Amino acid sequence: MEGHEHSRQVQQIAAGSAGAGIEAAFATAAGQVTRLPWDQAASVRFEDLAPVSAFPVVPGRRWGPGWWWSATTGRHVVHGSAAMRTQLMVLDRDPDVTGLSARPVRLLWRDADGRVRSWVPQLFARYADGTGLLADCPSSPTTVADRAQRARMVLEAACACVGWVYRRLEPPPAVVAANLRWLAGYRHPRNQGPPELQAALAEAFAGPRPLADGAVSVGDPLQVLPAVYHALWCGHLTTPLDEPLHEETLVCTDAERGGGGVEEHLGAGGGRGRGERSARHTR
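In this numbering scheme, every chain counts its residues from 1 along its sequence in written order. Residues qualify for local features only when their pLDDT is at least 70, as the model is predicted, and side-chain atom pairs are given and counted only at 80 or more; totals for whole chains, interfaces and linings, by contrast, use all residues. The basis for every side-chain value is the complete set of heavy atoms in the structure, and neither hydrogens nor water enter the calculation.

**Student:** What should I look at first to understand the confidence of the model for the chain in this one?
**Tutor:** Interpretation of the predicted coordinates at a detailed level should be avoided for regions scoring low in pLDDT. Predictor confidence is given residue by residue as pLDDT, running from a minimum of 0 to a maximum of 100. Of the residues in the chain, 81% reach a pLDDT of 70 or more, and the chain-wide mean stands at 85. Secondary structure is summarised from DSSP: a helix means a run of H or I of at least four residues, a strand means a run of E of at least two, and numbering begins at the N terminus for each. Per-residue pLDDT, averaged within each element of the chain, yields its smallest value for helix α1 (residues 2–17) (48) and its largest for strand β8 (residues 123–127) (98). Note on definitions: a residue-residue contact is assigned when non-hydrogen atoms from the two residues lie within 4.5 Å. Across residues 1–6 the pLDDT falls below 50, and counting only partners more than four positions away or on other chains, this stretch makes one contact in the model. Predicted confidence is poor over residues 258–269, with pLDDT under 50, and the contacts of this stretch with residues over four places away or in other chains come to 34 contacts.

Below you can see the structure in the form of structure tokens.
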């Protein structure tokens, strides 16, 4: 009964939190922490802000804070866990994403008993249509702490009020994550090669063709393969990612696949879900 009562109270808070009942705290470019009502703060360019609070460094933990270089923004985004880095990788490859930042805002509200509650979502993503995603990146999505569940309900309602989305992002399947990590190693534009190489790859893979065979047909694999992997990262070339990449993997142009659809299994790791945007994560 107590758990049910807590749930009911959180639902009431969430329903009213989208207006003046919730505030946003964030650090300006000058480093000053500012607080605004949530409906006003939603116009802030959170993708350009530094974290409002740092990721903790825990002695003895195998994983510490690090930096992800974003192909979307050309800047580094801090991350605090392997799960968060994986989600940064997925979002960085999403063609709808135009901006990324880590922990740029703290949301504050009063609980049913009058106590001030707060939550700092781990990730923010800006989409091409101007909407935003606030997200957390649990390493184990099946276990949700009570505090996280209460915050989730409030944040979902608050984001919905301004046309945004809050998600707890599920890790992609292990094979998909491994393939993305490999392709991410070639995400920098320096790997795309000159225009004539890009044109040759589009011609070589106009129809489905084994990866190694197509690369050899274009030229020296040591020079061609980085461009192939970069094109796969960007979505200029495509292949299913739910099977390990290898030399016999069939690769073709995105147009040959009819504009995508072969990577819908990434929808679980993406921000908005299939009902709100394409599930294809190609750039």
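There is more to say, and it comes next.
**Student:** Quick question: what am I supposed to make of the pairing of strand β6 (residues 106–110) here?
**Tutor:** In the case of a regular strand, side chains alternate between the two sheet surfaces. For two strands to pair, DSSP has to find at least two bridges joining them. As defined by bridge partners, strand β1 (residues 22–27) adjoins β6 across four bridges and the pair is classed as antiparallel. Along β6, the bridge assignment pairs Ala24 with Leu107. Note: β6 against strand β7 (residues 116–119), four bridges, orientation antiparallel. Directly across from Leu108, in β7, lies its bridge partner Ser118.

**Student:** Sorry, what's going on with helix α5 (residues 174–184) here?
**Tutor:** An α-helix turns once per 3.6 residues; consequently, residues spaced three or four apart project the same way. Here α5 has its buried residues at Val176, Ala177, Asn179, Leu180, Leu183 and Ala184. Axial view of α5: buried residues confined to an arc of 165 degrees, hence all on one face. Where α5 is buried, its residues contact β3 (66–69), α3 (82–92) and α8 (221–234). Buried residues are those whose accessible area, probed at 1.4 Å on protein chains only, stays under 20% of the maximum for their type, while exposed residues exceed 50% and partly exposed ones sit between those limits. Each direction from the helix axis to a C-beta atom contributes to the arc, which is the arc of those directions.

**Student:** Looking at this structure, how should I read the environment of Gly64?
**Tutor:** By the secondary structure assignment, Gly64 is in the loop between α2 (38–41) and β3. Separated by 17 residues in sequence, Gly64 and Ser81 place their C-alpha atoms 6.6 Å apart.

**Student:** How should the sheet that holds strand β5 (residues 97–102) be read in this particular structure?
**Tutor:** One key point about sheets: their strands pair by backbone hydrogen bonds, in either a parallel or an antiparallel sense. Spatial ordering of the open sheet is given by β5-β8-β9-β10, a layout of four strands whose pairing is mixed. Each having just a single partner strand, β5 and β10 (165–168) make up the two edges of the open sheet. Each neighbouring strand pair of the sheet contributes to a mean axis angle of 20 degrees, computed without reference to strand direction. With four bridges connecting them, β8 and strand β9 (residues 132–136) associate as antiparallel partners. Each residue of the ladder has a partner; that of Ala125, found in β9, is Leu133. Working convention: axes come from line fits to C-alpha atoms, limited for helices to the stretch in contact. Angles between N-to-C directions cover 0 to 180 degrees. Packed onto the sheet, α3 meets β5, β8 and β9 and runs at close to 5 degrees relative to β8. With respect to the sheet, helix α4 (residues 146–161) is in contact with β9 and β10, its orientation differing from that of β10 by roughly 155 degrees.

**Student:** When you look at the layout of surface pockets in this model, what are you seeing that I'm missing?
**Tutor:** Over the atoms rolls a probe the size of a water molecule, and its path tells where empty space is left. Put plainly, a pocket is an open set of points on a 1 Å grid over the protein atoms alone with protein on both sides within 12 Å along at least five of seven lines, a cavity is a set where a 1.4 Å probe fits but cannot get out, and a lining residue has an atom within 4 Å of a point. Grid points are joined across faces, edges and corners, and a volume is the space filled by probe spheres set on the points. Space inside the largest pocket adds up to approximately 370 Å³. Taken together, 18 residues make up the lining of the largest pocket; nearest its centre are Phe55, Ser81, Gln122, Asp136 and Cys137. When residue character is reported, Ala, Val, Leu, Ile, Met, Phe, Trp, Tyr, Cys and Pro are called nonpolar, Asp, Glu, Lys and Arg charged, and the others, Gly included, polar. Here the lining of the largest pocket is built from residues that sort into seven nonpolar, five polar and six charged.

**Student:** Whenever I open this one, the packing of aromatic side chains confuses me. Can you help?
**Tutor:** Working definition: rings of Phe, Tyr and Trp (its six-membered ring) pair if their centres are within 6.5 Å, and the pair is stacked with planes under 30 degrees apart, edge-to-face with planes over 60 apart, and tilted otherwise. Applying the stated criterion across every chain, the model contains eight aromatic pairs. Aromatic side chains Trp38 and Trp164 sit 5.5 Å apart centroid to centroid with 90 degrees between the ring planes, which places their arrangement in the edge-to-face category. Here the residue Trp38 occupies a position in helix α2, and Trp164 occupies one in the loop between α4 and β10, the gap between them amounting to 126 residues. On the basis of relative accessibility, which here comes to 0%, the residue Trp38 falls in the buried class. On the accessibility criterion, Trp164 (7% relative accessible area) is buried. Seen from their ring centres, Trp182 and Tyr186 are 5.8 Å apart, and the 55 degrees between their planes marks the pair as tilted.

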